[in-house]
Amino acid sequence: MPLRKRSNISLLIPFLVVALVFGLLIWQRYRASRQTITPPHIQQPSGLHTAVLFFVADGTSLAREARQLDPCEDAEACAREVLEELFYGPVGELDDAFPEGAVPQDVHFSGNTAVVDLDRAFADQMPSGSSAEMMAVYSIVNTLCVNFPQITQVKLNIGGAHLKHLDLSAPLAPDYSLERRAEPASTVPDAAKEHT
């Protein structure tokens, strides 16, 4: 074999080895970029539960909002957590039922009755009118009764203060008739309404 051909082959072999290595590296990068990465499954902590909270809708009725809550130790601890979320306020389009500064002090169960202690700001800062009082009181009563089936009535204590329009001397049963009703769907299409 002539010397010139041998030197060409000896130059060609290292070139082919380098080209092959680069080709493999590029192929591996291409494959890695095309693979879909599956995110790790995040497991929810056990015991996570959904509470139903009642807030004000349109100033004249109550509406439900769901809230995810952490696990709690017992029913009374859960009731405290539910009330704290209720007084924290809505996260959607609904309105708060309580005057600013009002906070729940405590809640405990006595048989089928939940006894809720509120601070005086609940009564002192309440906007005037029976509707505001009704929405605030039944926001609490309905929330506790719907989340804790063993509770059928709620007694509210407001640090010695009284509401002007509602008598809170006895426990109150829930009043779900205060909930906003869904508007009935119209059976006449919009296009037909325009021609009538």
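Values in this document were obtained by computation on a predicted structure and should not be read as measured data. (Residues numbered from 1 in each chain as written. Predicted model: local features only at pLDDT ≥ 70, side-chain atom pairs only at ≥ 80, totals over all residues. Heavy atoms only, no water.)

Q: Pulling in residues and values, what's your account of the confidence of the model for the protein?
A: This prediction gives the protein a mean pLDDT of 82; 78% of its residues lie at or above 70. Within the protein, strand E5 (residues 153–157) carries the highest mean pLDDT (97), whereas helix H5 (residues 190–195) carries the lowest (44). Note on residues 36–45: pLDDT is under 50 here. Beyond four places in sequence and across chains, it has zero contacts. (pLDDT = per-residue confidence, 0-100. Helix = DSSP H or I, 4+ residues; strand = E, 2+ residues; numbered from the N terminus. Contact = heavy atoms within 4.5 Å.)

Q: I'd like a rundown of the side chain of Lys-155, residues and numbers included.
A: Position of Lys-155 relative to the elements: it lies in strand E5. No salt bridge is formed by the buried Lys-155, whose closest oppositely charged neighbour, Asp-167, lies at an N-O distance of 7.6 Å. Among residues more than four places away in sequence, those in contact with Lys-155 are Thr-113, Ala-114, Val-115, Val-116, Leu-168, Ser-169, Ala-170 and Pro-171. (Buried < 20%, exposed > 50% of the residue type's maximum accessible area, 1.4 Å probe, protein only. Lys, Arg positive; Asp, Glu negative; His and termini not counted. Salt bridge = Lys/Arg side-chain N within 4 Å of Asp/Glu carboxyl O.)

Q: If you had to explain the sheet that holds E5 to someone new, which residues and values would you point to?
A: Here we have three strands laid out as an open sheet, ordered E3-E4-E5, and mixed in their pairing. Strands with a single pairing partner mark the edges of an open sheet, and in this sheet they are strand E3 (104–110) and E5. Across the sheet, the mean angle from the axis of one strand to that of its neighbour is 20°, orientation sign disregarded. With six bridges connecting them, E3 and strand E4 (residues 113–118) associate as antiparallel partners. (Pairing = 2+ DSSP bridges. Axes fitted to C-alpha atoms, helices over the stretch in contact; angles between N-to-C directions.)

Q: How would you explain the state of the cysteines if you had to name every residue and give the values?
A: According to the stated counting rule, one finds one disulfide in the structure shown. Here Cys-72 connects covalently by a disulfide to Cys-78, the sulfurs 1.7 Å from one another. Taking the torsion about the sulfur-sulfur bond, which here is approximately 85°, the covalent link between Cys-72 and Cys-78 counts as right-handed. (Disulfide = S-S within 2.5 Å.)

Q: An account of the nonpolar core is needed here, citing residue identities and associated values.
A: Core analysis: the largest hydrophobic core is formed by 45 residues, its most contacted members being Val-116, Phe-122, Val-137, Ile-140, Leu-144 and Val-154. Broken down by secondary-structure element, the contributors of at least two residues to this core are strand E1 (49–57), strand E2 (61–69), helix H2 (75–88), E3, E4, helix H3 (121–124), helix H4 (130–147) and E5. Ranked by residue count, the leading element in this core is H4, at eight residues. Leaving out residues up to four positions away in the same chain, Val-116 has contacts with Leu-83, Asp-106, Val-107, Ile-140, Leu-144, Val-154, Lys-155, Leu-156 and Asn-157. (Core = buried A, V, L, I, M, F, W, Y, C linked by side-chain atoms within 4.5 Å.)

Q: Describe the packing of aromatic side chains, listing the residues and the values that go with them.
A: Tallied over the full model, the rule gives four aromatic pairs. Ring centres 6.1 Å apart and planes at 45° place the aromatic pair Phe-98 and Phe-122 in the tilted group. Of this pair, Phe-98 sits in the loop between H2 and E3 while Phe-122 sits in helix H3, and the two are 24 residues apart along the sequence. The two residues Phe-98 and Phe-122 agree in class, both being buried. Residues Phe-109 and Phe-148 carry aromatic rings whose centres are separated by 5.7 Å and whose planes lie at 65° to one another, so their mutual orientation is edge-to-face. Of the two residues, Phe-109 is situated in strand E3 and Phe-148 in the loop between H4 and E5; the sequence distance between them amounts to 39 residues. With a relative accessible area of 8%, Phe-148 lands in the buried category. A connected cluster of aromatic rings, assembled from ring pairs, spans Phe-87, Phe-98 and Phe-122. (Phe/Tyr/Trp six-rings, centres within 6.5 Å; stacked < 30°, edge-to-face > 60°.)

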